[in-house]
Amino acid sequence: MTLPDHPGLPDSGAEFRAGARAGAATQAALMAEIADHDLREPACTIRLYAEMLAAGHASGLDERGRFALSTILGEARRMQDMVEGLRILGEESSRELRIERVDAGALLGEVLQGMAGLEGFREARFEIGPLPAVLADRAQLALVLDHLTANAILYRSSGAARIIWSAAGGRDEWVLAIEDRGRGINPALRDRLFRPFKRLGASPPGAGPGIGLALCRGILDRHGGRIWAEDAPGGGAVFRFALPDDPGKRP
Amino acid sequence: MSGAAAVPVRGRVLVVDDSPSSAKLLEFLIGDLAPDVLCEIASDRAAMSERLRDPSPAAGGLPRLVLLDWHLADADGAGILRELRAQASTRTLPVVVLSGSRDPAEIRAALEAGANAYVVKPRDFAKSRETVEAIVRFWLHCNERPGPA
């Protein structure tokens, strides 16, 4: 394990946490396998038959029957998306980390280039402060940067999104922050945000199955870091994530 | 489906799938899209072997195509394919593997065990129709077989 642990923790604590992470990874792999092999097929079959019914056999149904059918269809599609989400979550969290020094600013630039197709991206106004080189798995850090930026765009309040990326710290850890002027987050619901499939309100067009923040939390957990949400001083939300840093490993 | 008696049977497709709902869906789609194709269902390995045991025209002849579900409860797809490829009568029988997974290792295993093609089961009805239509059109209308042995 090349993962740096939080300074100040006794060795046994660090070992315990590493062991817990390995256990969680096995659990996640099992979850991915169940989602992939056992849940996908029934979800898919229900959807296929409901679509067959709707496409060729719905004329004999009365209004309530048609409502029941469209409900079955909608829920089957949602279930299929969630099963796919579980599979992705499990797959990502059982992937082995390759920790290296990653220039977060350059990586964010690459991530933003790949987001050009997202609705609302062109109009978005970005302020990107200097971002440090952090210790992280490059591909997984890219996922975190991507999900947080996409969320800020998708959940903008109205008009163009305004997004501020910044960083602080540098002694034992780096804290990166993304601030938006969007709808903000009800404080009572902040913890639910990081659970899979928990949306606060209606899902905007273009949103995925609702695993983005759960995926981010899993990634930060496995880096020995953390992620949380706050109110932005200027309205909207700030998502911050901390990555432990080891000055000895600085180039 | 044998209900369309007026249409001469162009060929038979044998669906090997232990999930009645999946097998029946294929039968429905083939019946709608290709009334000249007779769809038979084998729900396990034994039923498949029994159906293919006698290739004589009197017994209905060999199917033009086998649609094989890769994840049967009682047998693995690779074992079934090896069994088919080991017998003279079914050595060249076209087999299209159907699976829910696009795992490259699984695709390679199927092709190496003797599958003629590997198709990922679509997630929605419209795409399922298109896929079944394409499979039937190619394997029953374009592909030539040497005829009864």
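Computed from a predicted structure; not experimentally measured.

A cluster of nonpolar side chains, contributed by A:Leu30, A:Ile34 and A:Leu39, occupies part of the molecular surface with about 240 Å² of accessible area. If you trace the backbone, A:Ile34 turns up in helix H1 (residues 11-56).

So, on to the interface of chain A and chain B. The interface of chain A with chain B comprises 13 residues on the first partner and 15 residues on the second. Together, A:Leu48, A:Tyr49 and A:Met52 form the three largest contributors to the area buried by chain A at its contact with chain B, with a combined 41%. Across the contact surface, chain A and chain B share two salt bridges. Put simply, B:Arg123 and A:Asp81 hold a salt bridge, and the shortest N to O gap is 3.2 Å. Run the count over chain A and chain B and you get seven residue pairs in polar contact (both at pLDDT 80 or more). Those elements that place two or more of their residues in the side of chain A that touches chain B are H1 and helix H2 (63-93) of chain A. Looking at the side of chain A that touches chain B, the element that brings in the most residues is H1(A), giving 10 residues.

Between side chains of opposite charge, a pair can form when the charged atoms approach closely. All chains considered together, the criterion is met by 23 salt bridges over all chains. Across the pair B:Arg45 and B:Glu83 runs a salt bridge whose closest N-O atoms are separated by 2.8 Å. Residue B:Arg45 is found in helix H2 (residues 45-53), and its partner B:Glu83 is found in helix H3 (residues 77-86); the two are separated by 38 residues along the sequence. The partner of B:Glu50 in a salt bridge is B:Arg53, with the nearest N and O atoms 3.1 Å apart. Of this pair, B:Glu50 and B:Arg53 are both found in helix H2, three residues apart, which corresponds to roughly one turn of the helix. The partly exposed category is assigned to B:Glu50, whose relative accessible area is 47%. Through salt bridges with shared partners, a single ionic network connects A:Glu84, A:Arg87, A:Glu91, A:Glu92 and A:Arg95.

Our focus in this paragraph is the confidence of the model for chain A. This prediction gives chain A a mean pLDDT of 82; 84% of its residues lie at or above 70. Low pLDDT, under 50, characterises residues 1-11 of chain A; the predicted model gives this stretch 23 contacts beyond four residues in sequence or across chains.

Residue and element names in this part refer to chain A. The five strands are arranged S2-S4-S5-S7-S6 in an open sheet whose pairing can be described as mixed. Each end of this open sheet is capped by a strand with a single partner; those strands are strand S2 (125-128) and strand S6 (226-231). Recorded for the sheet is a direction-independent mean angle of 15 degrees between the axes of neighbouring strands.

What counts and what doesn't
- Residues numbered from 1 in each chain as written.
- Chains lettered and ligands numbered in written order.
- Predicted model: local features only at pLDDT ≥ 70, side-chain atom pairs only at ≥ 80, totals over all residues.
- Heavy atoms only, no water.
- Patch = residues over 30% accessible without salt bridge, like charges linked within 9 Å, V, L, I, M, F, W, Y side chains within 5 Å.
- Areas by Shrake-Rupley, 256 points an atom, 1.4 Å probe, with all protein chains shown as cover.
- Salt bridge = Lys/Arg side-chain N within 4 Å of Asp/Glu carboxyl O.
- Helix = DSSP H or I, 4+ residues; strand = E, 2+ residues; numbered from the N terminus.
- Contact = heavy atoms within 4.5 Å.
- Buried area = accessible area lost by both parts, 1.4 Å probe.
- Polar contact = N/O pair within 3.5 Å; in protein donor to acceptor, adjacent residues only side chain to side chain.
- Buried < 20%, exposed > 50% of the residue type's maximum accessible area, 1.4 Å probe, protein only.
- pLDDT = per-residue confidence, 0-100.
- Pairing = 2+ DSSP bridges.
- Axes fitted to C-alpha atoms, helices over the stretch in contact; angles between N-to-C directions.

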